[in-house]
Amino acid sequence: MAKAPVLTPRADDFPRWYQDLIAKAELADNGPVRGTMVIRPYGYGLWERMQAEMDTRIKETGTQNAYFPLLIPQSYLTREADHVEGFAPELAVVTHGGGKELEEPAVVRPTSEMIVNDYFAKWVQSYRDLPLLINQWANVVRWELRPRLFLRTTEFLWQEGHTAHATYEEARAFASRIHREVYEDFMVNVLAMDVVPGRKTVRERFAGAVNTLTLEGMMGDGKALQMATSHELGQNFAKAFNTRYLSREGTQELVWQTSWGSTTRMIGALVMMHGDDHGLRVPPRLAQTQVVVLAIKGDDAVLAKVREVGDQLRAAGLRVHVDDRTDTPFGRRAVDWELKGVPVRVEVGPRDLEHGTAMLARRIPGGKEPVSLDALAGLLPALLEEDQALLLRQSRERRESRTSDVSTIEEAVEVAGAGGWARVPWAVLGEEGEARLGEQAVTVRCLVAEDGSVPDADDAPGNVAIVARAY
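Here's a quick rundown of the structure. (Residues numbered from 1 in each chain as written. Predicted model: local features only at pLDDT ≥ 70, side-chain atom pairs only at ≥ 80, totals over all residues. Heavy atoms only, no water.)

The next point concerns the overall build of the protein chain. Along the backbone of the protein chain there are 13 helices and 23 strands. For 471 residues, the compact-globule formula gives about 23 Å, and the C-alpha radius of gyration of the protein chain, at 25 Å, lands near that figure. Dimensions of the protein chain, computed from the C-alpha atoms along their principal axes, are close to 80 × 55 × 50 Å. The buried share among the 471 residues of the protein chain stands at 53%. Counting 55 positive and 68 negative side-chain charges, the protein chain places the averaged centre of each group 3 Å from the other. (Helix = DSSP H or I, 4+ residues; strand = E, 2+ residues; numbered from the N terminus. Rg over C-alpha atoms; globule rule 2.2 N^0.38 Å. Buried < 20%, exposed > 50% of the residue type's maximum accessible area, 1.4 Å probe, protein only. Lys, Arg positive; Asp, Glu negative; His and termini not counted. Charge placed at Lys NZ, Arg CZ, Asp CG, Glu CD.)

Laid out in structure tokens, this is it:
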């Protein structure tokens, strides 16, 4: 009988394949409360690498990290009408604490615009206090009716940036800068994900924002996933919290604001965009382990050599793990590392030592070949960069091959239903057409200009709607 596959084949059942991979690559488990998750060490290691790369980019914009409370007085959420309406169905509310009913219920943070703005109003007095650029790494709770690990969970991890500026132009430019220099740069150059930068429609805009910029990625099944968003908040929250500053001219002015965020959803995107029937494929620039050096047998000489090779590769600047657990069968360990998507395996056994070689297995393009042990440190950095570029190219080719230009709503629905993306002129679609798409579980992911750039306005001439089914 044929041996059963480790994972459900993607072509047979993509959702089941996704759940299998999350479990068998030891990324996460379901938590004890419906919709929550336990992120396991390997999955959390991916998040730590994402945090480190993004945090560096965020700080390069002049933004500083801070932390705000998890519990927010419920009355805060009534101050900005669109915001509270947008989040009301997802709120978790604490009504009792210390064995007593609270005088005022507290909302478990769904996002921090409200509490951040309460403090911005205290901290901003003069034009000298601006711009005020704050980011926090935190958890949030949004009561999710249809949970799926990493993609939609009741509690998830994220970063959320909040800024205040003296002018509309400064705020708008900063939201765009975060969109390009933090999110798009990270996703393309670290996650190796081809993403489409665009502008959300009014229907899809963040609650309380005047404009939302988004990055949309195509997953392996052709569905879209919103990867990160950057919002222009205008003066909506400044009016609600009376956040004013004394201008150079001596007048009291309302600030202009932005907020922006990305989440552990990116781990789900990593699985669905780069994974295959053998498991994860982790981009080398992201991978917490770029190279695993495996001892095939517990021979003393082999164990000494794999540890020596590990040290040499670390000295060459690579992130390396030495797997010398020879009490566990080699085949099982090799499959586990393949599932986890480590870009390169260096396998060393007694016969390899005799020839001064190791077996080099590359996870991303596939294939194995013997390589001189002495050549590894000089060879691997270039191979890892090749693999990084290959993942990005495959991601782009998938999106381009499965995106069609259409001219009617019916054609857009047909393309989306077949697992692709449609490009349709916004002038043809409009808000009425967008509503009709929604009836078929199809959404406008974003608006782009004819040349693929981000449009300056919802109704700019030549705007094109990117239409798809989405997670």
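We are not done yet, so read on.
Our focus in this paragraph is the pairing of strand β15 (residues 291-295). A regular strand places its side chains on the two faces of the sheet in alternate fashion. Burial analysis of β15 places five of its five residues in the buried class, which makes it a mostly covered element. A two-sided burial pattern is seen for β15, the buried positions comprising Val291, Val293 and Ala295 on one face and Val292 and Leu294 on the other. Summarising the sheet, β15 and strand β16 (residues 320-323) pair through four bridges and their orientation is parallel. Bridge assignment links Leu294 to a residue of β16, and that residue is Asp323. Regarding topology, helix α8 (residues 300-315) serves as the crossover connection from β15 to the parallel β16, and that connection is right-handed. (Pairing = 2+ DSSP bridges. Right-handed = clockwise from strand over helix to strand, strands pointing away.)

This paragraph deals with the packing of helix α2 (residues 41-60) against helix α5 (residues 168-189). How two helices pack is summed up by the angle between their axes together with the distance between the axes. Remark: α2 packs on α5, axes separated minimally by 10 Å, with the N-to-C direction vectors making an angle of 155°. Classed by the angle they form, the pair α2 and α5 counts as roughly antiparallel. Once α2 is placed against α5, the crossing between them reads as right-handed. Each of Met50, Glu53, Met54, Arg57, Ile58 and Glu60 in α2 lies in contact with α5, whose residues at this interface are Arg177, Glu181, Val182, Tyr183, Asp185 and Phe186. Residue classes in the contact of α2 with α5 are distributed as six nonpolar, no polar and six charged. (Axes fitted to C-alpha atoms, helices over the stretch in contact; angles between N-to-C directions. Parallel < 35°, antiparallel > 145°, perpendicular 65-115°, else oblique. Left-handed = near helix turned anticlockwise from the far one by under 90°. Contact = heavy atoms within 4.5 Å. Nonpolar A, V, L, I, M, F, W, Y, C, P; charged D, E, K, R; others polar.)

On the basis of which strands lie adjacent, the open sheet formed by three strands has the order β4-β6-β5 and antiparallel pairing. The open sheet has two edge strands with one neighbour each: β4 (71-73) and β5 (93-97). Each adjacent strand pair in this sheet contributes to an overall mean axis angle of 50°, direction not counted. In the sheet, β5 pairs with strand β6 (residues 100-108) via four bridges, with the strands oriented antiparallel. Its bridge partner being in β6, Val94 is matched across the sheet by Ala106.

What follows concerns the side chain of Arg142. Positionally, Arg142 belongs in the loop between β7 (132-141) and β8 (155-165). One buried charged residue, Arg142, remains without a salt bridge, the closest side chain of opposite sign being Glu90 at 4.5 Å. Within the local environment of Arg142, its side chain forms a polar contact with the backbone oxygen of Pro110, the two atoms lying 2.8 Å apart. Once residues lying within four places of it in the same chain are set aside, the contact partners of Arg142 are Phe87, Glu90, Pro110, Thr111, Thr153, Thr154, Phe156 and Trp158. (Salt bridge = Lys/Arg side-chain N within 4 Å of Asp/Glu carboxyl O. Polar contact = N/O pair within 3.5 Å; in protein donor to acceptor, adjacent residues only side chain to side chain.)

What follows is about helix α12 (residues 409-417). By the burial criterion, the buried members of α12 are Ile409, Ala412, Val413, Val415 and Ala416. The buried residues of α12 occupy an angular sector of 165° when the element is viewed end-on, so they sit on one face. Packing partners of the buried residues in α12 comprise β20 (403-405), β21 (421-425), α13 (426-438) and β23 (464-468). (Arc of directions from axis to C-beta.)

A word on the pattern of salt bridges. Per the counting criterion, the structure on display carries 30 salt bridges. One salt bridge connects Asp194 with Arg399, and the closest N-O pair in it is separated by 2.3 Å. Residue Asp194 is found in the loop between α5 and β9 (195-199), and its partner Arg399 is found in helix α11 (residues 376-401); the two are separated by 205 residues along the sequence. Salt-bridge contacts for Arg199 lead to Asp458; the nearest nitrogen and oxygen are separated by 2.6 Å. Note that Arg199 is positioned in strand β9 and Asp458 in the loop between β22 (443-448) and β23, a separation of 259 residues in sequence. Since its relative accessible area comes to 8%, Arg199 is described here as buried.

As a further point, take the sheet that holds β16. Pairing between the strands of a sheet comes from backbone hydrogen bonds, and it takes one of two forms, parallel or antiparallel. Taken together, five strands build an open sheet; the order of strands is β16-β15-β17-β18-β19 and the sheet is mixed. A single partner strand is all that each edge strand has here, and the edge strands are β16 and β19 (368-372). Neighbour to neighbour, the strand axes of the sheet diverge by 25° on average, direction disregarded. Lying on the sheet, helix α9 (residues 330-340) is in contact with β15, β16 and β17 (344-348); it crosses β15 at an angle near 175°. Where α11 meets the sheet, its contacts fall on β15, β17, β18 (357-362) and β19, and the angle it forms with β18 comes to roughly 10°.

To continue, consider unusual backbone geometry. In this model, Leu130 is joined to Pro131 through a cis peptide bond whose omega is -5°. Looking at where Pro131 falls in the secondary structure, it is placed in the loop between α4 (113-123) and β7. Its identity as a non-glycine residue notwithstanding, Phe150 has a phi of 70°, on the positive side. When you line up the elements, Phe150 lands in the loop between β7 and β8. Phi at Asn242 takes a positive value of approximately 55°, unusual for a residue other than glycine. Positionally, Asn242 belongs in the loop between α6 (236-241) and β12 (244-246). With a relative accessible area of 47%, Asn242 lands in the partly exposed category.

Remark: α12 packs on α13, axes separated minimally by 11 Å, with the N-to-C direction vectors making an angle of 40°. What the angle tells us is that α12 and α13 run oblique. In the packing of α12 onto α13, the handedness of the crossing is right-handed. In this structure, α12 contributes Ile409, Glu410, Ala412 and Val413 to the contact, and α13 contributes Leu429, Gly433, Arg436 and Leu437.

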